[in-house]
Amino acid sequence: MKTISIVTPCYNEDANIRECHAAIRALFDTELKAYRREHVFCDNASTDRTVEILREIAASDKDVKVILNARNFGAMRSNYNGVMAATGDAVLLFFPADMQDPPELIPQMVAHWAQGVEVVYGVREIREESAAMRMLRRAYYRLLTSLSELSSPPGVGDFQLVDRKVVEAMRRIEDAYPFMRMMTFECGFTSRGLPYRWVARRRGVSTNTLKSLVDQGLNGLVTNTLAPLRLLLFCGFALAALSLLYAFFNLVIGLIYFQSLAAPGVMTIITAVFFFGGVQLFSIGVLAEYVLAIYAQVRRKPVVFERERLNF
């Protein structure tokens, strides 16, 4: 009997944990009864009753495994650590405790995986959120996809079922701040998308603040593309070139009409400021390429520090 692992990161989700556990258990008692269940909960140092509830669930259900982090390491790191701890033949990278991603889609994902598809990803075709957030998300992922060398469909999140070989490939990346939704596409393998409706949270309060969303977004850009650094480099080169052209144009005007476009000395200052500003940006861009390479090589600290594991 093959094992399907479900990974659920949680932080202050005492209003949702029991229902989340029950929904996954019901699936494996019915549509997925041919598979063994492994449900990994990763608690990110919750301050409510989440840990207490997880202990109760783990005590009564040996197919539930729990990782308790020593502190809050952020949703992405905690989620990734849970994926690396999962032992299933296939792993659902992310199943939210509030079930905004539908559990009903999981049997379809498993069916495609059983047919040999190594990455089965959900596509958030419809989002139950404000129009402003939908526009921001769409613009961000369009920018990320256009700048990155990787090709990923719009609307893809971490709600992906991947084969064990994909998980082992992800493990080799050793990224201190993993961006999993793009990591699977970086590894390659055969993939297929399934559209679904991403529903609004029914209970509890989301802990995904604007600060954390910005942090995750910047991490996605830095991790998956060098375009921002190279843009700096090209902007610096362009500014330096334009300042030289401006100086040449002013020289020509002075020689032809025997007058300057600005008071004496001002043109020299303007040209010098733009030229050296451009040179500095150009230099920073070049240095940043080397710094980024060094940084990627030397980050070796653990993704999270764990306080305790249950049922492992």
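Each chain carries its own residue numbering, running from 1 in the direction its sequence is written. For a predicted model such as this one, the threshold for reporting local features is a pLDDT of at least 70, and the threshold for listing and counting side-chain atom pairs is 80 or more; totals across whole chains, interfaces and linings nevertheless cover every residue. Heavy atoms throughout the structure, all of them, feed into the side-chain values; hydrogens and water do not.

### Side note on the packing of helix α1 (residues 17-29) against helix α2 (residues 50-60)
Moving on, step 1. In this analysis an axis means a line fitted to C-alpha atoms, helices contributing only their contacting stretch, and an angle means the value between N-to-C directions, from 0 to 180 degrees. Segments assigned H or I by DSSP are reported as helices when at least four residues long, segments assigned E as strands when at least two residues long, and all are numbered from the N terminus. Packing of α1 against α2 brings their axes to within 10 Å, and their N-to-C directions diverge by 30 degrees. On the basis of the axis angle, α1 is roughly parallel to α2. Residue-level inspection shows Ile 17, Arg 18 and His 21 of α1 in contact with α2, the latter providing Thr 50, Ile 53, Leu 54, Glu 56 and Ile 57.
Moving on, step 2. Here the term charged refers only to Asp, Glu, Lys and Arg, the term nonpolar to Ala, Val, Leu, Ile, Met, Phe, Trp, Tyr, Cys and Pro, and the term polar to all other amino acids, Gly among them. Considering only residue class, the contact of α1 with α2 consists of four nonpolar, two polar and two charged. Oblique is the label for any angle not under 35 degrees, not over 145, and not in the 65 to 115 range, which are roughly parallel, roughly antiparallel and roughly perpendicular in turn. Residue contacts are defined here by distance: any two heavy atoms, one from each residue, within 4.5 Å place the two residues in contact.

### Let's talk about the pairing of strand β5 (residues 119-127)
Moving on, step 1. The buried fraction of β5 is high, at seven of nine residues.
Moving on, step 2. Note that β5 and strand β6 (residues 156-163) share four bridges and pair antiparallel. Directly across from Tyr 121, in β6, lies its bridge partner Gln 160.
Moving on, step 3. In the sheet, β5 pairs with strand β7 (residues 191-198) via eight bridges, with the strands oriented parallel. In the strand pairing of β7, Arg 127 is matched with Trp 198. Working definition: with a 1.4 Å probe on protein chains only, accessible area under 20% of the residue-type maximum means buried, over 50% means exposed, and in between means partly exposed. Following DSSP output, two strands are said to pair if at least two bridges run between them.

### A few points about unusual backbone geometry
Moving on, step 1. Positive phi is not limited to glycine here, since Asn 12 has a value of about 55 degrees.
Moving on, step 2. Along the chain, Asn 12 falls in the loop between β1 (3-10) and α1.
Moving on, step 3. Positive phi, close to 55 degrees, is recorded for Met 99, a residue that is not glycine.
Moving on, step 4. A residue is classified by how much of its surface remains accessible, and Met 99, at 16% relative accessible area, is buried.

### Let's talk about the nonpolar core
Burial of nonpolar side chains together is a common tendency in soluble globular proteins.
Moving on, step 1. Grouped together as the largest cluster of nonpolar side chains are 38 residues, with contacts concentrated most on Ile 4, Phe 95, Ile 106 and Leu 161.
Moving on, step 2. Taken together, the elements giving at least two residues each to this core come down to β1, α1, α2, β3 (64-69), β4 (90-92), α4 (106-114), β6 and β7.
Moving on, step 3. Here the element with the most residues in this core is α1; it accounts for six residues.
Moving on, step 4. Look past the residues within four positions of Ile 4 in its chain and what remains in contact with it is Phe 28, Tyr 35, Arg 36, Arg 37, Glu 38, Ala 90, Val 110, Trp 113 and Leu 161.
Moving on, step 5. Definition used in this section: a nonpolar core is a set of buried Ala, Val, Leu, Ile, Met, Phe, Trp, Tyr and Cys residues joined via side-chain atoms within 4.5 Å. Counting residues in hydrophobic clusters, the runner-up holds 25 residues, among them Met 84, Ala 86, Val 162 and Met 170.

### What about the side chain of Asp 98?
Moving on, step 1. Here Asp 98 shows up in the loop between β4 and α4.
Moving on, step 2. There is a polar contact of 3.2 Å between the side chain of Asp 98 and the backbone nitrogen of Gln 100. Identification of polar contacts relies on pairs of N or O atoms within 3.5 Å, with a donor-acceptor requirement for protein atoms, meaning one able to donate a hydrogen and the other able to accept it, and with residues adjacent in sequence counted only if both atoms are side-chain atoms.

### Some details on the environment of Phe 234
Moving on, step 1. Take Phe 234: it is sitting in helix α9 (residues 227-257).
Moving on, step 2. Spatially, the C-alpha atom of Phe 234 lies 8.3 Å from that of Gly 285, the residues being 51 residues apart in sequence.

### Things to note about the packing of aromatic side chains
Moving on, step 1. Pairing of aromatic side chains requires ring centres within 6.5 Å, counting the rings of Phe and Tyr and the six-membered ring of Trp. Pairs whose planes differ by under 30 degrees are stacked, by over 60 edge-to-face, and all others tilted. One pass over the full model with this rule turns up five aromatic pairs.
Moving on, step 2. Taken together, a centroid distance of 6.2 Å and an interplanar angle of 55 degrees make the contact between Tyr 35 and Trp 113 tilted. Of this pair, Tyr 35 sits in the loop between α1 and β2 (36-43) while Trp 113 sits in helix α4, and the two are 78 residues apart along the sequence. Both residues of the pair, Tyr 35 and Trp 113, count as buried.

### Comments concerning the pattern of salt bridges
Pairing between side chains of opposite charge can happen when the charged atoms of each approach one another.
Moving on, step 1. The rule for a salt bridge is simple: a side-chain nitrogen of Lys or Arg has to be within 4 Å of a carboxyl oxygen of Asp or Glu. Tallied over the entire structure, the rule returns 14 salt bridges.
Moving on, step 2. Notably, a salt bridge pairs Arg 164 with Glu 168, separated by 2.8 Å at the nearest N-O pair. Of this pair, Arg 164 and Glu 168 both sit in helix α6 (residues 164-171), four residues apart, which is roughly one turn of the helix.
Moving on, step 3. Residue classification places Glu 168 among the partly exposed positions, given a relative accessible area of 33%.
Moving on, step 4. Through salt bridges with shared partners, a single ionic network connects Arg 25, Arg 36, Arg 37, Asp 61 and Asp 63.

### Re the pairing of β2
Moving on, step 1. Judged by how many residues are buried, β2 sits mostly within the fold: seven of eight residues are covered.
Moving on, step 2. Relative to β2, β1 runs parallel, the two sharing eight bridges. Its bridge partner lying in β2, Ser 5 is registered against Glu 38.
Moving on, step 3. Seen with its strands pointing away from the viewer, a crossover is right-handed if its path from the first strand over the helix to the second goes clockwise. Where the polypeptide runs from β1 across α1 and back to β2, its parallel neighbour, the crossover connection is right-handed.
Moving on, step 4. As paired elements, β2 and β3 share five bridges and run parallel to each other. Within β3, the residue paired with Val 40 across the bridge is Lys 65.

### Describing a nonpolar patch on the surface
Moving on, step 1. Patch membership is restricted to residues that have no salt bridge and whose relative accessible area is over 30%. Joining uses 9 Å for like charges and 5 Å for the nonpolar side chains Val, Leu, Ile, Met, Phe, Trp and Tyr. Throughout, the Shrake-Rupley method with a 1.4 Å probe supplies accessible areas, and for residues the shown protein chains are the sole cover considered. A surface patch of nonpolar side chains, about 590 Å² in accessible area, is lined by Leu 239, Leu 242, Leu 245, Ile 269, Val 273 and Phe 274.
Moving on, step 2. Taken together, the elements giving at least two residues each to the nonpolar patch come down to α9 and α10 (266-298).
Moving on, step 3. Following the sequence through the fold, Leu 242 ends up in helix α9.

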